[in-house]
Amino acid sequence: MKSYQKLTTAVPQPAAYRVEEEGAAPTPTGRGKLAPWWVGSGLLVAAVLLSTITVWVLRQVSGGWPGPVLPPKCLLVPESHRFDCYPERHVVVTQELCESRGCCFIESPPPAGGKRGVPWCFYPPDFPSYTLESLNQTALGMVGLLVRRQKTYYPRDIEMLRLDVEFEADTRLHIKITDAANTRYEVPLEVPQAMKRAENPIYSLDFSWDPFGVLLRRRATGTVLLNTTVAPLIFTDQFLQIATSLPSRFLYGLGEHRGTLLHSLDWSTLTLWARDVSPTESFNLYGAHPFYLLMEEGGDAHGVFLLNSNAMEVALQPAPGLTWRTIGGVLDFYIFLGPDPNMVIQQYQQVIGFPAMPPLWALGFHLCRWGYGSSNETWQTVRAMRNYQIPQDAQWNDIDYMDGYRDFTFDPQKFASLPSLVEDLHKHGQRYVMILDPGISSTNPHGSYWPFDEGLRRGLFLNTTQGQPLIGQVWPGFTAFADFSNPDTHQWWLENLQRFHAHVPFDGLWIDMNEPSNFMDGSEHGCPPGELDSPPYTPAVLGDSLSAKTVCASAKQKASVHYNLHNLYGLMEAKATASALIQIRGKRPFVISRSTFPSQGRYSGHWLGDNRSQWKDMYYSIPGLLSFSLFGIPLVGADICGFSGSTSEELCTRWMQLGAFYPFARNHNTQNEKAQDPTVFSPAARTAMKNVLLTRYSLLPFLYTLFHRAHLQGDTVARPLFFEFPRDVATLGLDRQFLWGRSLLVTPVLEPGVDSVTGYIPRGVWYDFYTGSSVNSSGEMLKMLAPLEHLNLHVREGAILPTQKPGTTSKATRGNPLHLIVALSSSGTAWGDLFWDDGESLDTFEQGSYSYLVFNVTQNTFTSTVLHTSTEATEVTIGTLSIFGVRKPPSKVLLNGQEKPFSYLDNQVLTVSDLGLSLNQGFSLRWL
C-alpha cells in the first residue's frame, strides 16, 4: 500500500535512493513502495488505530454509519493529516461526489464561526500519484522523469513531468517540476544561475520512487523540512497541487494578508491573487508573495519560495502540513536553509534581488490626504507644519490634483498653483509626491488626451480576446489599462511623465490601483466564456471569480495572458516607474506601490493599503510591516492614524508614535473626514507628535545605515524579535513590538485609555533610549509607564547607535552634529557602524562615493575606524558621545590622549560633549 502520511522526525528510509552526503552519484535502493510511516511509530499510532477501529466496529454494529462500509485505509488517517481532496468552495461535498474522485469520506462536526475545519473528503493512503521513472546526474544536480498512469479528476493531466534538481549553494536548493514535452508559462523574473554544484550542502535529499516524493532534511539535526509523500502530486494544465508535512507550527509569510505575524495552522487557507479591497482578515489583498519562513524546534529556520504568479492558495493544517495549489505555470521551488531567520531572508533576496537604496528624504515624514480641495489648501497644511516646526520631508497629493481624475493632468482651477507649491517645497528642502493610476481615460474626444491617443496608436493597452482594448471603469470613468509587460509601454510611460514633469517637477510617485483595480468585474462587456475566465478550479478568491473587481483573466498582454500575469501587474508598473524617475531626475527613484510581487523591493516600497482609523488596524500594521520585511520590501508602512473613518486625538497620538517607527512613515486620510495631520490637534497632542518625529529624525543616520545593509546584503530593517532571539520560544508569536535592526526595541501602546504598556524584554541588559537607565531582563514581560506623550524605546546591550541633532527636514538634519549612543554589554563591549553618502545619488556604494565607519568599544576604549571615506563626510562632525552602562565614575576621559571634560550620572551614563571631530577622521576615547 502506498503511504501518504506525515513522516515522524525519525524518517524510515523510503524505498528510493539517497543523495549521498558527499554529493556522489545517488545509489538506488530498490524500486519498491515507500514503507508505511506507521511501522515504527509505536504506541501512539497503535492507540489511534485501536480507537478508530473500535469506533468503526461499534458504528457498524449499531448501524450508526450511513451508506457503505468505510474502507479501513480511510480510518487509518488521523484527522489532522487529512489532506483535502475536494477543496472547491460553495459545494456541499457529499459521499457520492467525494468517492467519484476516489477519495475517503468521513463527516466531522463543522467548526464554529463558519470556518473551514477537518475536510470530509480526503486522500486515501493509496491514491494514485506520479512514479519517478528515471533519475540522472547533471553538473548541478539531477534530472528525472515522473510518470502518471492514472488520470485525476481535473482535465488535461500532464502525464510526463520533468524533475530538475539543482544544488545551487550550500544553503540553497532548487527543485523544479514542469511538463516534460511542452513549454509552459514561467514567471519572467531574473534569477541567479548557479555555475557549479554546492560542495558542502547543509541539507540532504531523498526521493520516494513510487509514489514520487521529496524528503529534505537538515543535516545537522536530521529534521525533515519537506516530505511531499503526505498527499499526491497533481499536475494538470490548470490545477497543480503539492503538499508537504512541516517540522513545526511556527510559520510566517505567504502574503499579502491581514492577520497575526504567526499563521494559524488550524485549517486556514491563504489565497494569493492581487485584489483591491480594504485590508480584512482572511481576504486576498493587494499583493502576492508565495514565500514562507518556518522556525524549527531548537531555533533553526528555513524558507520556501514557489516562483509562480498564477492564482494560488496555500492550505494550512494542524498535522502540521501545507498544500500549495496553483492554477497555472510550473512548480518552481527554492528552499533556503538559513540556518537562522536573518540568513533565510538574505538567501531569499539573493534569488529575487536586494532592495534598492532609498533616497534619505524617503525616510523622513510624509503627509497626505484625499480631500485637499486645492493646491492652496495643500500649501496651507505645509505652512502650518512649518509654523509649528514639525518635521516633514514630503507633501503628497491624492487624485484631487488631477483634471477629471485623468493621469498626467492637473486641475487648471483648483490646482492652478501646484507648480508654485512644488517650487516652494523645493526651496524649503522638501519634496513632492503625487498619485498615478494605471487606468487611462478612454472617453476623451480624439486628439484631446495624448496619453490615451498615443497608447492606442502604439498598441500599449490590455486587449480583449477579440484584439480590442479592454475597457473597464476606474476614477475617470471608462478606462483602458496600460500593458507594462510590453517594453514599449515603459517608453510611453516615461514620455508621459517627462511631459508632466516639465510643468510639475515631482520628486516621487505613488502608484495605486495597480492590482489592477476595476470598478467593474472584467470589462464593460463582462468576460468571454472559456477556461481562462472560468477555470476548472478557482482558488478561494474574494468574489469567487478571477475577474472580480479587476480585468478579465483572458485579457491579452504582450508577455502572456492576464491569467498568468495578473499578480505581476504592480511589479511591472513599479519597474517602469522607477526607470522613468531615474531618467527624468538622474537620482534615486522613490516609488510606493500598492500591489507587489517578489523582487518588488528592487523598484519600490509599499504601504499597507486602505486601513481604518481603529485601534485594531493600528495593531495589524505591525505584523503587516514585519511580513513585508520578510518579503524583501523594507520600505513599508501603514497609513498613520488610519485612512478611512474618523480618528480620535488619542488614537492618532499613539499611532503617530508607532508610525514614527515605520520604515516608511506617512500620515494619510480619506476625503470627507476631519483633518488628522499633527497641526490640527491640541497643543499637548501636537507636541507629543512633534517630539516623536524629532526622535525619528535624530535616528536617521541609524535608519539609513540599516537600509544600506538591506540594499547590500538583504538584512531586514524592521525586524521581528524572534529574528534576534530564535531560541527564545517566547518571541515566536510576538507581533505587538518590533526591532529596528538588531538593537532598537519599539514597544508601542496599542490600546485606548491606558498609561502603561506591557512588553516582552528579551534576556540581557536593555537601556532606556532617552535616559540610558538599564533594565536587566531574564526574558520576561515587563509593565512600563507609557503616558500619552511617551513611546517606550530600548537599546540592546552591545550596540552603538549613530544619531544626529534633528532638524525639520532630512536635509536640515544632515548638517547637524552626530551624537553616538553606546550601550555597553555586561562585559563592557559594544559595536556599531555608519553609512554616509550624499543621500540621493545613484549607486553611491557601487561607485565608491560614500563613507563607512565602524565603532567599537573594548576595555573602556571607544574607537572610531574609517574604513572608506568620501567628500560628504568632511561636512559632518561628531559632537557628543553618550556611553550607557559605565559602572564606575571615571576619574578622567582621554580623547586621542588629550584630557576632555565629561559628565557622569548616577544611572551610569557617561557623556562627553563638544567633540567637534570630523566624521572622516578616526579617533579613540578612553575613560579611566
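Fair warning: this is a prediction, and the values are worked out from it, not measured in the lab.

(A) Spotlight on the packing of aromatic side chains. Enumeration over the complete set of coordinates arrives at 48 aromatic pairs. On the numbers, 6.1 Å between centres and 35 degrees between planes, the contact of Tyr 704 with Phe 835 is tilted. Of this pair, Tyr 704 sits in helix α14 (residues 700–713) while Phe 835 is found in strand β43 (residues 830–836), placing the two residues 131 residues apart along the sequence. Judged on exposure class, the residue Tyr 704 and its partner Phe 835 are both buried. Pairing Phe 845 with Tyr 850 gives two aromatic rings, centres 4.9 Å apart and planes at 40 degrees, and the pair type is tilted. Ring pairs connect the aromatic residues Phe 408, Phe 452, Phe 461, Phe 484, Trp 492, Trp 493 and Tyr 569, which therefore count as one cluster. We note Arg 666 situated over the ring of Trp 607; from NZ or CZ to the ring centre the distance is 5.2 Å. Positioned over the ring face of Tyr 388 is Arg 686, at 3.8 Å from the centre of the ring.

(B) Looking closely at the packing of helix α13 (residues 683–698) against α14. α14 packs onto α13 with a crossing angle of 55 degrees between their chain directions and a minimal axis gap of 5 Å. The angle between α13 and α14 places the two elements in the oblique class. Together, Arg 696, Tyr 697 and Ser 698 of α13 and Leu 700, Pro 701 and Leu 703 of α14 make up the contact between the two elements. In the contact of α13 with α14, the residues fall into four nonpolar, one polar and one charged.

(C) Quick look at the side chain of Thr 861. Here Thr 861 lies in strand β45 (residues 861–868). A residue is classified by how much of its surface remains accessible, and Thr 861, at 18% relative accessible area, is buried. When residues no more than four places from it in sequence are discounted, the contact partners of Thr 861 are Asn 856, Ser 924, Leu 925, Arg 926 and Trp 927.

(D) Representation of the sheet that holds strand β18 (residues 312–317) in the model. Sheet architecture is open: five strands sit in the order β12-β13-β19-β18-β15, paired in antiparallel fashion. Single-partner strands in this sheet number two, and they are β12 (234–235) and β15 (268–272). As paired elements, β12 and strand β13 (residues 240–245) share two bridges and run antiparallel to each other. Residue pairing in the sheet places Phe 235 in a bridge with Leu 240 of β13.

(E) Up close: the nonpolar core. Trp 324, Phe 661 and Leu 925 are the most contacted members of the largest nonpolar core, which totals 235 residues. Each residue touching Phe 661, except ones within four places of it in the same chain, is listed here: Val 692, Thr 695, Arg 696, Leu 699, Phe 738, Trp 740, Leu 744, Val 746, Leu 791 and Leu 793. Formed by 25 residues, the second largest nonpolar core is a distinct cluster that contains Phe 127, Ala 243, Ala 311 and Ile 327.

(F) Just the packing of helix α7 (residues 450–458) against helix α8 (residues 487–501), in detail. For the pair α7 and α8, interaxial distance at closest approach is 11 Å and the crossing angle is 160 degrees. Accordingly, the angle class assigned to the pair α7 and α8 is roughly antiparallel. Helix-helix and strand crossings are classified by hand; for α7 and α8 the assignment is right-handed. Contacts between α7 and α8 involve Trp 450, Pro 451, Glu 454, Gly 455 and Arg 458 on the former and, on the latter, Gln 491, Trp 492, Glu 495, Asn 496 and Arg 499. Residue classes in the contact of α7 with α8 are distributed as three nonpolar, three polar and four charged.

(G) Region of interest: the sheet that holds strand β14 (residues 250–255). Ordered in space as β5-β6-β7-β8-β20-β17-β16-β14, the eight strands form an open sheet in which the pairing is antiparallel. Edge strands, defined here as strands with exactly one partner in the open sheet, are β5 (130–137) and β14. Direction aside, neighbouring strands of the sheet carry axes that sit 15 degrees apart on average. Pairing of β14 with strand β16 (residues 289–295), which is carried by five bridges, proceeds in the antiparallel orientation. Looking across to β16, one finds that Tyr 252 is bridged to Leu 293. Contacts from helix α4 (residues 341–352) reach β8 (172–179), β16, β17 (301–306) and β20 (331–336) within the one sheet, and its direction differs from that of β17 by about 25 degrees.

(H) Representation of the pattern of salt bridges within the structure. All chains considered together, the criterion is met by 42 salt bridges. In this structure, the salt-bridge partner of Arg 101 is Glu 88, at a minimum N-O distance of 3.0 Å. One end of the pair, Arg 101, is in the loop between α3 (95–100) and β3 (104–105); the other, Glu 88, is in the loop between α2 (72–75) and α3, and 13 residues separate them in sequence. Note on Glu 88: relative accessible area 14%, which makes it buried. The salt bridge partner of Arg 594 is Asp 276, with a shortest N-O separation of 3.2 Å. Taken as a pair, Arg 594 in the loop between β28 (591–593) and β29 (605–607) and Asp 276 in the loop between β15 and β16 lie far apart in primary sequence, 318 residues in all. Comparing Arg 594 with Asp 276, the two get one shared label, buried. Each of the salt bridges in this network shares a partner with another, and the network as a whole consists of Asp 276, Asp 512, Glu 515, Arg 594 and Asp 610.

(I) View of unusual backbone geometry. In this structure, Glu 256 follows Gly 255 across a cis peptide bond, with omega equal to 5 degrees. As for its position among the elements, Glu 256 is in the loop between β14 and β15. With an omega dihedral of 10 degrees, the bond running from Gly 338 to Pro 339 counts as a cis peptide bond. Considering the arrangement of structural elements, one finds Pro 339 in the loop between β20 and α4. Of note, the phi angle at Asp 843 is positive, near 55 degrees, even though the residue is not glycine. Looking at the secondary structure, you find Asp 843 in the loop between β43 and α17 (844–847). Residues other than glycine seldom take positive phi values, yet Asp 914 does so here, at roughly 50 degrees.

(J) Representation of α14 within the structure. The end-to-end C-alpha distance of α14 is 20 Å, a good match for the 20 Å that 14 residues give at a rise of 1.5 Å each. For α14, a buried count of eleven out of 14 residues is recorded, marking the element as mostly surrounded by other parts of the structure. Immediately downstream of α14, the backbone of Gly 714 shows phi near 80 degrees, a positive value.

(K) Structural detail: the state of the cysteines. Evaluated as defined, the whole model comprises five disulfides. Note that Cys 641 is cross-linked by a disulfide to Cys 652, the S-S spacing being 2.0 Å. Its S-S torsion of about 85 degrees marks the bond between Cys 641 and Cys 652 as right-handed, since a negative value means left-handed. Highlighted residues: Cys 641 in the loop between β31 (639–640) and α12 (649–659) and Cys 652 in helix α12, separated in sequence by eleven residues. With relative accessibility at 0%, the residue Cys 641 sits in the buried group. Looking at the protein, its bonded cysteines, counted consecutively from the start of the sequence, adopt the pairing 1-5, 2-4, 3-6, 7-8, 9-10. We note that Cys 368 lacks a disulfide partner, and the nearest cysteine sulfur, in Cys 641, lies 13 Å from it. On the accessibility criterion, Cys 368 (2% relative accessible area) is buried.

The rules behind each value
- Residues numbered from 1 in each chain as written.
- Predicted model: local features only at pLDDT ≥ 70, side-chain atom pairs only at ≥ 80, totals over all residues.
- Heavy atoms only, no water.
- Phe/Tyr/Trp six-rings, centres within 6.5 Å; stacked < 30°, edge-to-face > 60°.
- Helix = DSSP H or I, 4+ residues; strand = E, 2+ residues; numbered from the N terminus.
- Buried < 20%, exposed > 50% of the residue type's maximum accessible area, 1.4 Å probe, protein only.
- Lys NZ or Arg CZ within 6 Å of the ring centre and 35° of its normal.
- Axes fitted to C-alpha atoms, helices over the stretch in contact; angles between N-to-C directions.
- Parallel < 35°, antiparallel > 145°, perpendicular 65-115°, else oblique.
- Contact = heavy atoms within 4.5 Å.
- Nonpolar A, V, L, I, M, F, W, Y, C, P; charged D, E, K, R; others polar.
- Pairing = 2+ DSSP bridges.
- Core = buried A, V, L, I, M, F, W, Y, C linked by side-chain atoms within 4.5 Å.
- Left-handed = near helix turned anticlockwise from the far one by under 90°.
- Salt bridge = Lys/Arg side-chain N within 4 Å of Asp/Glu carboxyl O.
- Expected span 1.5 Å × (residues − 1).
- Disulfide = S-S within 2.5 Å.

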